[in-house]
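# Coordinates in review
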Amino acid sequence: MALLELHDVTRRFGDFEAVKDVSFAVESGEFFTLLGPSGCGKTTILRMVAGFDRPDGGRILLDGRDLAATPPEKRPIHTVFQSYALFPHLSVGRNVAFPLRMAGLPEGEIRRRVGETLEQVHLAELADHYPHEISGGQKQRVALARGLVNRPRLLLLDEPLGALDLKLREEMQLELIKLQREVGVTFVFVTHAQNEALALSHRIAVMNRGRIEQLDVPSRIYGFPQNRFVADFIGNCNLLEARVVDRRDGELGLEAEGLGEIRAPATDRPGSTGVLALRPEQVRIHAGGDGENDQDNRFPGTVRDFLYVGDVTTYQVVLDNGFRLSALRANDAPGRARFFEIGDRVTVSWARQAGHYVPD
Amino acid sequence: MSRTEDRLSRWAVTAPPTLFLLAFFLVPALIVVLASFQYPGEFGGLAPLADPGDGSEHGLTLENYRFYFSDFLFTEILLRSFLVAAASTLICLVLAYPVAWLIARSPKQHRDLLVLLVILPFASNFLIRVYAWMIILGPQAGLAQAVNGLLGAFGLAPVSLLFSPFAVLVGMVYVHLPFMILPLYTNLEKHDPVLLDAAQDLGANAWQRFWRVTWPLSLPGVFSGSALVFIPVLGMFAIPDILGGTRDMLIGNLIKDQFLGVRDWPFGATLSIVLTLCVLGLAGLAAWAGKGGRHG
């Protein structure tokens, strides 16, 4: 049996349907992520699971039991809030002890478990400090420790890394993965940052306008987006409007708008339309008329723009037929920000099996 | 900026408030201290410090303090005043807390109106409002009739609500209630509601959420509200004068009588000094306890 199950959960605010018939199941020990743009309903789902909001329709089950009649304080579910919500009048140690106190544990047991948990998040020496005396990253760890200290069945995390700077965020991502593995508590994580979702999760539910667009493991979400929204939302993507055609050599191909016939792993009937999602890193870029001849699709073009982010540079290429394509190249030569200048003649190419065709 | 200029500008900033405190606080306080060691003048006021040469009392004396300690009655009045002030503060706190909480939790666009309603009584004269309570508590009014009717039903003798410690307490609480509500509201309004969500999420029931989160976070408001009620009640003489009986005299009445009735300024000054020292001692104790509480 799944640990957490949502069956056709709906939540309306007036005329606005924040969550529409959402169903999914989270397995015990899983790191499950709800990913989507702001306003997609992910936080509303989190609040309903925590008990701060009630669904207008559908059921939420924990260990097979309906949660509807259980108030938040009685649910074995804890939340790490976006703002951390640490109690400003309590020291770090007392913040972490809070859920244990509420559970009425004996003082000795509380002290032991607070010490243990603070050790786990490397904060043992800060137990006597107050929240206003510690850094953002440390507050984050205190909130995690407080959420985990009495071993809830489920820990909900509402964009917990949003307030941290990039470096710290990456550090915390690694720590979150490690911590979740160590304590074995099931995590339901909410974020709008797709790279965070891809890095952390066992499975991701991509949400849009109150619905789940796709639910899968990160590599399949990234590699095989099920629809335009997912293809567009996750990572950068060249979206090529296309129609499935019969090729002369007998296999199926795609007729891409503005590109003509291309070789692609089409999976639909000839004549149907869709979009080919082609990641920039799947598109190779070469100087002039060079290029690997074993690539199935080759087009000449001109570099229009580039974006240097350190490890890689993304080039905007305008093909001779006017079509725009992004191609990515790793900066493997040190000290070089780019291999091509604006206006350089280049050839872009990609293999037939690259990209993923999304039928309409 | 040069060092002299630096010093000059610092002076420009700190001098005015320093002068203000000197002129309007320290100097008057020292005058009262001095007066408490002087003899009373023949027709009120103070006897001269220098010998006038006619054999009358002059100079400094401990007589006023000796007189204060010669009769326990004065200390008894002082203690009763502290008791009334403490009771008024406590009742105000109990009444004001839910009001302040409700205002703080009401929709933002209603809050200003509700705060206005709290301070609206100040628009009418203080004495008129206290006299109004004379009517409300008077023997002809419905309240007294109802209470005495009930007492009569149990075969008990009728009581007078007016001119009693009860009436004094009612007046004190009524007049000072806004001074408790406002600082509490200012404090409670600033509380981040997510803290209560977090507490509930971590297993705290409604009572625990109040006692473990809201109450400790509201302590600064509780302290300032209590000070704003306790100290004025301690010195209040009009309310006991109007609503109290002859035995409900408080230290404020006693001091006022020394200056305006008996015309014994030095003894009035002595009583003032004793009262001030007691308040300062109490404030120091509270500060010390508050400091200890934070780290304990």
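Residues numbered from 1 in each chain as written. Chains lettered and ligands numbered in written order. Predicted model: local features only at pLDDT ≥ 70, side-chain atom pairs only at ≥ 80, totals over all residues. Heavy atoms only, no water.

Let us look at the packing of aromatic side chains. Summed over the entire model, instances satisfying the criterion amount to 26 aromatic pairs over all chains. Aromatic pair B:Y97 and B:F210: ring centres 5.5 Å apart, planes at 85°, arrangement edge-to-face. Within this pair, whereas B:Y97 is found in helix α3 (residues 72-105), its partner B:F210 is found in helix α9 (residues 206-235), the two being separated by 113 residues in sequence. B:F210 sits in the partly exposed class, given a relative accessible area of 26%. Centre to centre, the rings of B:F122 and B:F179 are 5.4 Å apart; their planes meet at 55°, and the pair counts as tilted. One end of the pair, B:F122, is in the loop between α4 (108-119) and α5 (126-137); the other, B:F179, is in helix α7 (residues 165-189), and 57 residues separate them in sequence. Accessibility expressed as a relative area gives 36% for B:F122, which makes it partly exposed. Among the aromatic side chains, those forming a connected cluster through ring pairs are B:F67, B:Y68, B:F69, B:F74 and B:F267. Between A:R146 and the ring centre of A:F87, over which it is positioned, the NZ or CZ distance is 4.8 Å. Geometry around A:F339 places A:R329 over its ring, the cationic atom sitting 4.0 Å from the centre. (Phe/Tyr/Trp six-rings, centres within 6.5 Å; stacked < 30°, edge-to-face > 60°. Helix = DSSP H or I, 4+ residues; strand = E, 2+ residues; numbered from the N terminus. Buried < 20%, exposed > 50% of the residue type's maximum accessible area, 1.4 Å probe, protein only. Lys NZ or Arg CZ within 6 Å of the ring centre and 35° of its normal.)

All right, on to the pattern of salt bridges then. Residues and elements named next belong to chain A. This model, assessed by the stated rule, comprises 21 salt bridges over all chains. Between R203 and E30 there is a salt bridge, with its nearest N and O atoms 2.4 Å apart. Here the residue R203 occupies a position in strand β9 (residues 203-208), and E30 occupies one in the loop between β2 (16-26) and β3 (31-35), the gap between them amounting to 173 residues. On the basis of relative accessible area, R203 is assigned to the partly exposed category, the value being 22%. Owing to a relative accessible area of 7%, E30 belongs among the buried residues under this scheme. In the salt-bridge network here, residues are joined through shared partners; they are E109, R112, R113 and E116. (Salt bridge = Lys/Arg side-chain N within 4 Å of Asp/Glu carboxyl O.)

Attention shifts here to unusual backbone geometry. All names here are of chain A. One non-glycine residue, A85, lies in the positive phi region at around 50°. When you line up the elements, A85 lands in the loop between β6 (77-80) and α2 (92-102). For A85, a relative accessible area of 4% gives the class buried. One non-glycine residue, R151, lies in positive phi territory at about 45°.

Let's shift gears to the domain arrangement of chain A. Residue and element names in this part refer to chain A. What the domain assignment reports for chain A is domain 1 (4-231) and domain 2 (236-359). Put simply, the middle of domain 1 and the middle of domain 2, counted by C-alpha atoms, are 39 Å apart. Listed by partner, the interface residues are nine residues for domain 1 and ten residues for domain 2. A per-residue breakdown of the area domain 1 buries against domain 2 is headed by Y222, R228 and A231, which together make up 67% of the total. Counting across the interface, domain 1 meets domain 2 through one salt bridge. Run the count over domain 1 and domain 2 and you get four residue pairs in polar contact (both at pLDDT 80 or more). Counting residues per element, the ones that place at least two in the side of domain 1 that touches domain 2 are α7 (218-223) and α8 (228-233). (Domains from an automatic or database assignment. Contact = heavy atoms within 4.5 Å. Buried area = accessible area lost by both parts, 1.4 Å probe. Polar contact = N/O pair within 3.5 Å; in protein donor to acceptor, adjacent residues only side chain to side chain.)

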